[in-house]
Amino acid sequence: RVDEWTDVDRKRVMNDIITTMFNKKFMEELFKPQDLYSKKALRTVYDRLAHASIMRLNQASMDKLYDLMTMAFKYQVLLCPRPRDILLVTFNHLDAIKDFISDAPGILNQVDETFRRLIETYNCLSDGEFQLIRQTLLIFFQDMHIRVSIFLKDKVQNSNGRFVLPISGPVPWGTEVPGLIRIFNHKGVEVKRAEFTTAGNYVTPQREGSFELYGDRVLKLGTNMYSVTRPVETHMSGSSKNLASQAKENIAPNPLAKEELNFLARLLGGLDIQKPAGGETGFRLNLFTTDEEEEHAAQTRPEELSYKVINIEATQEPGRRAELSRILGELEVEEPRPDSAEKGEDLLALMDGL
């Protein structure tokens with residue numbers, strides 16, 4: 001409700017979450033070379049980041065927020081004109097984050113440090129390496145076809161949850177507008193030209209987006225997708241419901257599970273979760289129009305997609321369990337509504353499969 005959500009609350013929540021997200025130790029773990037980890041691990045880290053402030057979301061709102069985030073990012077990666085532009089999308093994300101904390105120089109320095117690290121790490125990669133990154137990300141998201149109202153209204157997503165690739169607009173930087181075939185002889189000399197009609201209306205981009213700390217990114221993917229205020233709904237498409245039965249990951253023993261557990265322990269060890277001070281109970285954020293809608297969404301969502309339990313098989317070494325328990329104890333957060341059994345679960349409960 002408006003009377004419970006003030007500008008001060010909004011600024012405090014954003015500052016807390018961004019401070020946690022760009023924590024130095026957390027960033028160090030993210031930048032270490034590593035294999036892509038599972039959807040369960042991603043969801044666990046995302047839950048902790050979303051609850052890094054006094055704001056709390058229940059299971060249904062958390063699911064909705066996560067669905068929106070994953071589908072928006074999939075859309076951005078899928079529609080990148082060229083693989084290298086994934087970096088421009090990331091820079092658009094960071095530019096927007098910097099706007100949120102423009103009056104907090106300490107947090108701004110954290111974000112700028114990550115910005116510089118991204119430039120240092122990724123600017124030197126080849127186009128082939130960026131293509132590998134893009135394909136890896138798309139494989140990760142390929143079975144997720146959740147419908148989002150803003151994408152459906154803008155006709156960039158079909159009713160089955162699949163995105164629509166544009167056949168018009170600017171071509172990737174460094175390429176030519178299609179419509180011309182050039183034939184060369186064995187000496188590399190052009191000997192013949194032929195033109196053909198294309199189905200789309202293509203144009204040459206005016207300039208390349210900036211890959212520096214400051215500059216015009218040109219690419220709009222990754223910027224605010226809300227031109228006007230409108231609600232965003234996420235719906236399970238038919239194909240997604242069929243895939244729900246396939247979403248039970250990590251049930252069979254995984255030879256990489258031990259490494260993933262160690263990664264999660266290190267990663268979460270860098271997250272500084274804010275506990276409400278004193279008698280402050282925090283406030284709950286509901287992403288649905290009413291509490292009734294939220295409760296209905298929680299009841300109708302497939303059990304496999306609620307990410308309540310992370311099943312990770314690992315050795316029962318006392319030292320590792322003690323260290324993980326210590327880290328997870330530090331991450332425990334209080335819920336403002338203790339009457340709900342689902343709320344207030346700490347990560348140890350989520351990782352019941354140990």
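Here, every reference points to the structure presented above.
Computed from a predicted structure; not experimentally measured.

About the criteria used
- Residues numbered from 1 in each chain as written.
- Predicted model: local features only at pLDDT ≥ 70, side-chain atom pairs only at ≥ 80, totals over all residues.
- Heavy atoms only, no water.
- Helix = DSSP H or I, 4+ residues; strand = E, 2+ residues; numbered from the N terminus.
- Buried < 20%, exposed > 50% of the residue type's maximum accessible area, 1.4 Å probe, protein only.
- Contact = heavy atoms within 4.5 Å.
- Areas by Shrake-Rupley, 256 points an atom, 1.4 Å probe, with all protein chains shown as cover.
- Phe/Tyr/Trp six-rings, centres within 6.5 Å; stacked < 30°, edge-to-face > 60°.
- Pairing = 2+ DSSP bridges.
- Patch = residues over 30% accessible without salt bridge, like charges linked within 9 Å, V, L, I, M, F, W, Y side chains within 5 Å.
- Salt bridge = Lys/Arg side-chain N within 4 Å of Asp/Glu carboxyl O.
- Expected span 1.5 Å × (residues − 1).
- Arc of directions from axis to C-beta.
- Axes fitted to C-alpha atoms, helices over the stretch in contact; angles between N-to-C directions.
- Parallel < 35°, antiparallel > 145°, perpendicular 65-115°, else oblique.
- Left-handed = near helix turned anticlockwise from the far one by under 90°.
- Nonpolar A, V, L, I, M, F, W, Y, C, P; charged D, E, K, R; others polar.
- Core = buried A, V, L, I, M, F, W, Y, C linked by side-chain atoms within 4.5 Å.

Novice: Explain the overall build of the protein chain residue by residue, including any values.
Specialist: Looking only at helices and strands, one finds 13 helices and 8 strands in the protein chain. The buried share of the protein chain, taken over its 354 residues, is 41%. Within the protein chain, counting contacts between residues at least 6 apart in sequence, those at least 24 apart form 77% of the total. As presented, the protein chain carries roughly 19800 Å² of accessible surface, and 54% of it is formed by carbon and sulfur atoms.

Novice: Requested: an account of the packing of aromatic side chains, with residues and values cited.
Specialist: Applying the stated criterion across every chain, the model contains 7 aromatic pairs. Between Tyr46 and Tyr66, the aromatic rings sit 5.4 Å apart at their centres with planes inclined by 65°, giving edge-to-face as the arrangement. Of this pair, Tyr46 sits in helix H3 (residues 39-50) while Tyr66 sits in helix H4 (residues 59-78), and the two are 20 residues apart along the sequence. There is no split in this pair, since Tyr46 and Tyr66 are both buried.

Novice: Let's hear about the pairing of strand E4 (residues 180-184): which residues, and what values?
Specialist: Where E4 and strand E5 (residues 190-195) come together, 5 bridges link them in antiparallel fashion. In the sheet register, Leu180 faces E5, and the bridge partner there is Glu195. What sits between the antiparallel neighbours E4 and E5 is a turn of 5 residues, in which Gly188 has the positive phi angle 85°.

Novice: Which residues make up a nonpolar patch on the surface, and what values go with them?
Specialist: Nonpolar side chains collect at one region of the surface, where Ile181, Ile183, Val189, Val191 and Phe196 lie side by side and expose about 430 Å² of accessible area between them. Position of Ile181 relative to the elements: it lies in strand E4.

Novice: Explain helix H7 (residues 127-141) to me, using residue names and the numbers behind them.
Specialist: Given a rise of 1.5 Å per residue, 15 residues ought to cover 21 Å, and the 21 Å separating the end C-alpha atoms of H7 matches this to within 8%. Those residues of H7 not exposed but buried are Phe130, Arg134, Leu137, Leu138, Phe140 and Phe141. Along the axis of H7, the buried residues cluster in a sector spanning 155°; they form a single face. Summarising the geometry of H7, the exposed residues directed more than 90 degrees from the buried face are Leu132 and Ile139. The inward-facing, buried residues of H7 abut H3, H4, helix H5 (85-100) and helix H6 (105-122).

Novice: Tell me about the pattern of salt bridges, and name the residues and values.
Specialist: Across all of its chains, the model carries 13 salt bridges by this definition. A salt bridge links Lys11 to Asp103, with the shortest nitrogen-to-oxygen separation between them at 2.9 Å. Separated by 92 residues along the polypeptide, Lys11 in helix H1 (residues 7-21) and Asp103 in the loop between H5 and H6 bring together distant segments of the chain. We classify Lys11 as partly exposed; its relative accessible area is 41%.

Novice: Residues and numbers for the packing of H3 against H4, please.
Specialist: Each pair of packed helices can be described by the angle between their axes along with the distance between the axes. With their axes 11 Å apart at the nearest point, H3 and H4 run at an angle of 115° to one another. On the basis of the axis angle, H3 is roughly perpendicular to H4. Of the two elements, H3 crosses H4, and the hand of that crossing is right-handed. Taking contact as the criterion, the partners of Lys39, Leu42, Arg43, Tyr46, Asp47 and Ala50 in H3 are, on H4, Gln59, Met62, Asp63, Leu65, Tyr66 and Met69. Each residue belonging to the contact of H3 with H4 can be placed in one class, and the counts come to 7 nonpolar, 1 polar and 4 charged.

Novice: Before we move on, can you summarise unusual backbone geometry with the specific residues and values?
Specialist: Positive phi is not limited to glycine here, since Lys155 has a value of about 60°. Within the secondary structure, Lys155 sits in the loop between helix H8 (149-153) and strand E3 (169-170). One non-glycine residue, Val218, lies in positive phi territory at about 65°. Position of Val218 among the secondary structure elements: in the loop between strand E6 (202-203) and strand E7 (234-236).

Novice: Tell me about the nonpolar core, and name the residues and values.
Specialist: Within the largest apolar cluster, 45 residues are counted, with the highest numbers of intra-cluster contacts made by Ile18, Phe22, Tyr75, Phe91, Leu94, Val111 and Phe151. Those elements that provide at least two residues to this core are helix H2 (24-31), H3, H4, H5, H6, H7, strand E2 (146-148) and H8. Here this core gets 7 residues from one element, more than from any other, and that element is H5. The contacts of Phe22, once residues within four sequence positions are left out, are Met27, Leu94, Ile97, Gln110, Val111 and Thr114. Ile17, Ala52, Met55 and Met62 belong to the second largest nonpolar core, which has 10 residues in total.

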